[in-house]
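Understanding the architecture of this molecule
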Amino acid sequence: MKAKREYKKTIVKKYKREEIVRFILAYLRGDMTKGESDEFTEWIEEDGRNRALFERLQNSGYVGNSLQEFRGYDSVEDWEKLRVRLTPRRKIGRWARVCAASVAILLCGGMVWHFWGGQERDMKYASSLPIEYGRSKAMLFLESGEMIQLEAGRETIIREVKGENFVNTGSKLVYSDTVEEKNVEWHTLQIPRGGEFVLCLADGTVVTLNADSKIHYPDRFIGNERQVSLEGEAFFEVAKDSLRPFVVKTNGIDVRVLGTAFNLKAYPDEYQQTTLVRGAVEVVLDKQQVLLHPGEQVTCIDKELRVEQVDVKPYIAWKDDRFVFENEPLEDVLKKLERWYNITVFIQNHALTEKRFTGNLPKYEDIGNVLKILALTTNIKFELNDRTLIVQLE
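Residues numbered from 1 in each chain as written. Predicted model: local features only at pLDDT ≥ 70, side-chain atom pairs only at ≥ 80, totals over all residues. Heavy atoms only, no water.

This part covers the overall build of the protein. Per the secondary structure count, the protein includes 10 helices and 23 strands. At a minimum sequence separation of 6, the contacts of the protein that also span at least 24 residues come to 54%. (Helix = DSSP H or I, 4+ residues; strand = E, 2+ residues; numbered from the N terminus. Contact = heavy atoms within 4.5 Å.)

On to the environment of Lys-381, then. As for its placement among the helices and strands, Lys-381 is situated in strand 22 (residues 380-385). Residue Lys-381 is classed as partly exposed on the basis of its relative accessible area of 41%. Along the primary structure Lys-381 and Leu-371 are separated by 10 residues, whereas in three dimensions their C-alpha atoms are 9.0 Å apart. Filtering out sequence-adjacent residues up to four positions away, Lys-381 remains in contact with Ile-390, Val-391, Gln-392, Leu-393 and Glu-394. (Buried < 20%, exposed > 50% of the residue type's maximum accessible area, 1.4 Å probe, protein only.)

Moving on to the confidence of the model for the protein. On average, residues of the protein score 76 in pLDDT, and 64% of them are at 70 or above. The model gives residues 1-14 a pLDDT under 50, and that stretch makes 11 contacts with residues more than four places away or in other chains. Confidence over residues 160-164 falls short of pLDDT 50; this stretch has 16 contacts with residues more than four positions distant or in other chains. (pLDDT = per-residue confidence, 0-100.)

Right, let's get into the packing of helix 9 (residues 330-341) against helix 10 (residues 367-377). Two numbers describe a pair of packed helices, the interaxial angle and the distance between the axes. Where helix 9 meets helix 10, the closest approach of the two axes is 12 Å, and the angle between their N-to-C directions is 175°. Of the possible angle classes, the one that applies to helix 9 and helix 10 is roughly antiparallel. Where helix 9 approaches helix 10, its residues Val-333, Leu-337 and Tyr-341 are matched on the opposing element by Ile-367, Val-370 and Leu-374. Here the contact of helix 9 with helix 10 is built from residues that sort into 6 nonpolar, no polar and no charged. (Axes fitted to C-alpha atoms, helices over the stretch in contact; angles between N-to-C directions. Parallel < 35°, antiparallel > 145°, perpendicular 65-115°, else oblique. Nonpolar A, V, L, I, M, F, W, Y, C, P; charged D, E, K, R; others polar.)

As a further point, take helix 9. Over its 12 residues, helix 9 extends 16 Å from the first C-alpha to the last, a length consistent with the 16 Å expected when each residue adds 1.5 Å. Helix 9 sits mainly inside the fold: 9 of its 12 residues count as buried. Listed as buried for helix 9 are Leu-330, Val-333, Leu-334, Lys-335, Leu-337, Glu-338, Arg-339, Trp-340 and Tyr-341. Directly beyond the C-terminal end of helix 9, a positive phi value near 55° is found at Asn-342. (Expected span 1.5 Å × (residues − 1).)

Written out as structure tokens, the structure reads:
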């Protein structure tokens, strides 16, 4: 048995990156054979880097959401093409598996390179496409399952729905309330990476959505509460209604307001953060209740709500066409650029994640110029290959 184990361990050590990706994909799909499972276990245990990669792959904020939402797509057009191919209904499973596997291969291959590719600089890319900054684009999903693309340059869409209508201006989706009775329908507005959009709800509330965000909301509000749910980041300017509080639900936390303006960041891979600009906000998590005043911010860390006084400008600058950083970890700075420019960032040296950066950058700027500014103020080097940004020590 010992000889057999040593033999298998030798095989594992000789695996190429492509073979490791194959094992990881089999694990993610849940169709590993007994033999593959044994070898995969030994591979994990033989090197700390192997285990680190495995643990990261189990982080839903790092991989899961990308696979489920297909956020690796570069544009709304790609999604529409996929939707066409997904019909009729009986073919959905097959195509979804094919697309999920494709995205997984790209993700896993990239991550394996990130952990083991420090010594190998032979990665090749198929093309050199220009990297554009974000623009107004979104996908509107109706309760019926229909998807409508919303973006600048397309014809304004006017859809009459019994009791109400909504209009796409190219950068804004506007709902109007009506007195006509009808069943409330729930819609979802999804903003891809490299996108932004403004949503005007039927009550007059204006929601500015950042890249890689999603909001679920009713086409009109009824009852004694106005409720929506958010994943990602948005700036809310809530229409005042003393009889019906406005509630934003996200990741187990409720943000309750009457009429106010606040920024809510709720990305799966970051601490959830609510920053109040004006008015008053109550943040509720289980039995914890925090009342915020203007200039205060509450951050959820390890299921605990922590309040501090802050300068709100850096936290809301993104909606006013700027990136403002105040002694912010480089890792957080790069996450913002990653979403806005729709790129993938690999940080080769762990020590770089804690480097701090202070600056005020234009949001609608060529990524090359932004990276030059970052490089001038730190001892780091950026290597941009197609849509992959490699960050390393100078």
